[in-house]
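Chain by chain, the residues:
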Amino acid sequence: NAGVMQNPRHLVRRRGQEARLRCSPMKGHSHVYWYRQLPEEGLKFMVYLQKENIIDESGMPKERFSAEFPKEGPSILRIQQVVRGDSAAYFCASSPRGRSGEETQYFGPGTRLLVL
Amino acid sequence: GIQVEQSPPDLILQEGANSTLRCNFSDSVNNLQWFHQNPWGQLINLFYIPSGTKQNGRLSATTVATERYSLLYISSSQTTDSGVYFCAVVSLGGAQKLVFGQGTRLTINP
C-alpha cells in the first residue's frame, strides 16, 4: 500500500526556467493538498484540489504558480520563471474524501527545489 | 485566521530523558495532527488527535479541545527522536487546510 509519492525528490533550476513537481496521492484518495516550506520555517498551505477541480488556492502566489489534478495521472504544481525565492521544499498531502478537514492528511517525502 | 503556537522552540536533552511539547491554538478545530520532521527533511505522521489521548510506543499525545491545546509526550528519548516536531490544525468551519505551528526543534544527545 504505497504512500503519497512525489517526484522528483530534488530539482535544480536556473532563474527563469520552469519547475514541474508531481504528486501521486495514496490509492483511493481523491483530495490533494500542496504545502511549501521555506528554509527554517514551518509549512504553509498553497492549494487544495480534487480531481479536475481547484477547491481552494488561497495560499498560491498570484503569479507564476499553477496547480492541476487531472482525471488521470498525478497532480502537478507548476512554477514558471522561477526566482531564487522559490527555493523551498514542496510537500504534497492526500486524504480520502475531504470531509470538512476532519480526515488525516498523509504527506509525501517532498520535492526540494533549488533555484540557482 | 487560526493561530498555532508551539513551545518550547528548542529543546536539548540527554538520551533517556522524557519531554513534553505543547501546542496552543486560538480557535476550535476539527483536525489536529502531530508530525516529526527528521534531519533528512521527511515529514512523518505521528498522531491524528483532534481530541482525547492516544499512545504509540514511547510517544503519546493528549488534546484538550475545550482549552485549545495539545501535548506530545516522548518518553525514554533516543537520538533518532531528534528533529523538528510540528503541530498542525484545521479550523472548525474554516477552510480545509492544515495550519502549522513553527515547530519545536528537539535535539537528543547520546
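Everything below is about the structure shown above.
Numbers given to residues run from 1 along each chain, matching the order in which its sequence is written. Here the convention is simple: chains get letters from A, ligands get numbers from 1, in the order in which they are written. The predicted origin of the model limits local features to residues at a pLDDT of at least 70 and limits the giving and counting of side-chain atom pairs to 80 or more, whereas totals for whole chains, interfaces and linings rest on all residues. The side-chain numbers reported here are obtained from all heavy atoms of the structure, hydrogens and water having been left aside.

## Thoughts on the overall build of chain B
Cut-off, in case you're wondering: A run of H or I in DSSP counts as a helix once it spans at least four residues, and a run of E counts as a strand once it spans at least two, with each numbered from the N terminus. With the radius of gyration taken over C-alpha atoms, the globule rule is written as 2.2 Å times the number of residues to the power 0.38. Residues are treated as being in contact if the distance between any of their heavy atoms lies within 4.5 Å. Surface accessibility in these figures is a Shrake-Rupley result with a 1.4 Å probe; residues are shielded only by whichever protein chains are displayed. In this charge count, Lys and Arg are treated as positive and Asp and Glu as negative; neither His nor the chain ends contribute. The atom standing in for a charge is NZ when the residue is Lys, CZ when it is Arg, CG when it is Asp and CD when it is Glu.
Secondary structure summary: chain B contains 0 helices and 11 strands in total. Listed N to C, the secondary structure of chain B is β-β-β-β-β-β-β-β-β-β-β in terms of helices and strands. In summary, chain B has a C-alpha radius of gyration of 13 Å against a globular reference of 13 Å for 110 residues, a match within 12%. Across its three principal directions, the C-alpha atoms of chain B cover 45 × 25 × 20 Å. Across chain B, every contact between residues at least 6 apart in sequence was considered, and the portion connecting residues at least 24 apart equals 56%. As displayed, chain B offers around 5,100 Å² of accessible surface, 48% of which is attributable to carbon and sulfur atoms. In chain B, 6 positive and 6 negative side-chain charges are present, and the distance between their average locations comes to 6 Å.

## What to know about the pattern of salt bridges
For clarity, the threshold we go by: The salt bridge criterion pairs a side-chain nitrogen of Lys or Arg with a carboxyl oxygen of Asp or Glu, the two atoms within 4 Å. Each residue gets one of three labels from its accessible area relative to the maximum for its type: buried under 20%, exposed over 50%, partly exposed in between, using a 1.4 Å probe on protein chains only.
Scanning all chains against the criterion turns up 7 salt bridges over all chains. A salt bridge links Glu18 of chain A to Arg78 of chain A; the shortest N-O distance between them is 2.9 Å. Within this pair, whereas Glu18 of chain A is found in the loop between β2 (10-13) and β3 (19-24), its partner Arg78 of chain A is found in strand β8 (residues 75-79), the two being separated by 60 residues in sequence. Given the relative accessible area of 28%, Glu18 of chain A is considered partly exposed. For the salt bridge of Glu40 of chain A with Arg105 of chain B, the shortest nitrogen-to-oxygen distance reads 3.4 Å. One end of the pair, Glu40 of chain A, is in the loop between β4 (31-37) and β5 (43-50); the other, Arg105 of chain B, is in strand β11 (residues 104-109), on a second chain. Given the relative accessible area of 39%, Arg105 of chain B is considered partly exposed.

## A closer look at the packing of aromatic side chains
The line we're drawing: Stacked, tilted and edge-to-face are the three classes assigned to paired rings of Phe, Tyr and Trp, where Trp is represented by its six-membered ring and a pair needs centres within 6.5 Å; plane angles under 30 degrees give stacked, over 60 edge-to-face, the rest tilted.
Per the counting criterion, the structure on display carries 8 aromatic pairs over all chains. Here Tyr33 of chain A and Tyr48 of chain A contribute two aromatic rings whose centre-to-centre distance is 4.6 Å and whose plane-to-plane angle is 10 degrees, an arrangement assigned as stacked. A residue pair is termed long-range when its members are at least 10 positions apart, and Tyr33 of chain A in strand β4 and Tyr48 of chain A in strand β5 qualify at 15 residues. Side by side, Tyr33 of chain A and Tyr48 of chain A carry an identical accessibility label, which is buried. Consider the rings of Tyr35 of chain A and Phe100 of chain B, whose centres lie 5.7 Å apart with planes at 75 degrees: the pair is edge-to-face.

## A few points about the interface of chain A and chain B
Where we set the bar: Here a polar contact is taken to be a pair of N or O atoms separated by no more than 3.5 Å, where protein atoms must pair a possible hydrogen donor with a possible acceptor and residues adjacent in sequence count only if both atoms sit in side chains. Throughout this entry, Asp, Glu, Lys and Arg are counted as charged residues, while Ala, Val, Leu, Ile, Met, Phe, Trp, Tyr, Cys and Pro are counted as nonpolar. The remaining residues, Gly among them, count as polar.
Opposite the 25 residues of chain A that make contact, chain B presents 21 residues. Here chain A is connected to chain B by 7 residue pairs in polar contact (both at pLDDT 80 or more). Those elements giving two or more residues to the side of chain A that touches chain B turn out to be β4, β5 and β10 (106-107) of chain A. Residues that form the side of chain A that touches chain B fall into these classes: 8 nonpolar, 8 polar and 9 charged.

## Things to note about the sheet that holds strand β8 (residues 69-74) of chain B
Residues and elements named next belong to chain B. Formally: Pairing between strands requires that DSSP locate at least two bridges from one strand to the other. Comment: axis = line fitted to C-alpha atoms, over the contacting stretch for helices; angle = value between 0 and 180 degrees taken between N-to-C directions.
Strand order in the open sheet formed by 5 strands is β1-β3-β8-β7-β6, with antiparallel pairing between adjacent strands. Each edge of the open sheet is held by one strand with a lone partner, namely β1 (4-7) and β6 (52-56). Strand-to-strand twist across the sheet, computed as the mean angle between neighbouring axes with direction ignored, equals 15 degrees. Note: strand β3 (residues 19-25) against β8, 6 bridges, orientation antiparallel. Among the inter-strand pairings, Thr20 is bridged to a residue of β8, identified as Tyr73.

## As for the side chain of His29 of chain A
All names here are of chain A. Positionally, His29 belongs in the loop between β3 and β4. Given the relative accessible area of 11%, His29 is considered buried. The contacts of His29, once residues within four sequence positions are left out, are Ser94, Ser95, Pro96 and Tyr106.

## Observations regarding the state of the cysteines
Put simply, the rule is: The term disulfide is used for any two cysteine sulfur atoms that are within 2.5 Å.
Within the structure shown, the criterion is met by 2 disulfides over all chains. Residue Cys23 of chain A pairs covalently with Cys92 of chain A via a disulfide, S to S 1.7 Å. In this structure the cystine formed by Cys23 of chain A and Cys92 of chain A twists about its S-S bond by roughly -50 degrees; its chirality is therefore left-handed. Residue Cys23 of chain A is found in strand β3, and its partner Cys92 of chain A is found in strand β9 (residues 88-95); the two are separated by 69 residues along the sequence. The residues Cys23 of chain A and Cys92 of chain A share a single accessibility class, namely buried. Through a disulfide, Cys23 of chain B is tied to Cys87 of chain B; the S-S separation comes to 2.0 Å. Around the S-S axis, the bridge from Cys23 of chain B to Cys87 of chain B shows a dihedral of about -55 degrees and counts as left-handed.

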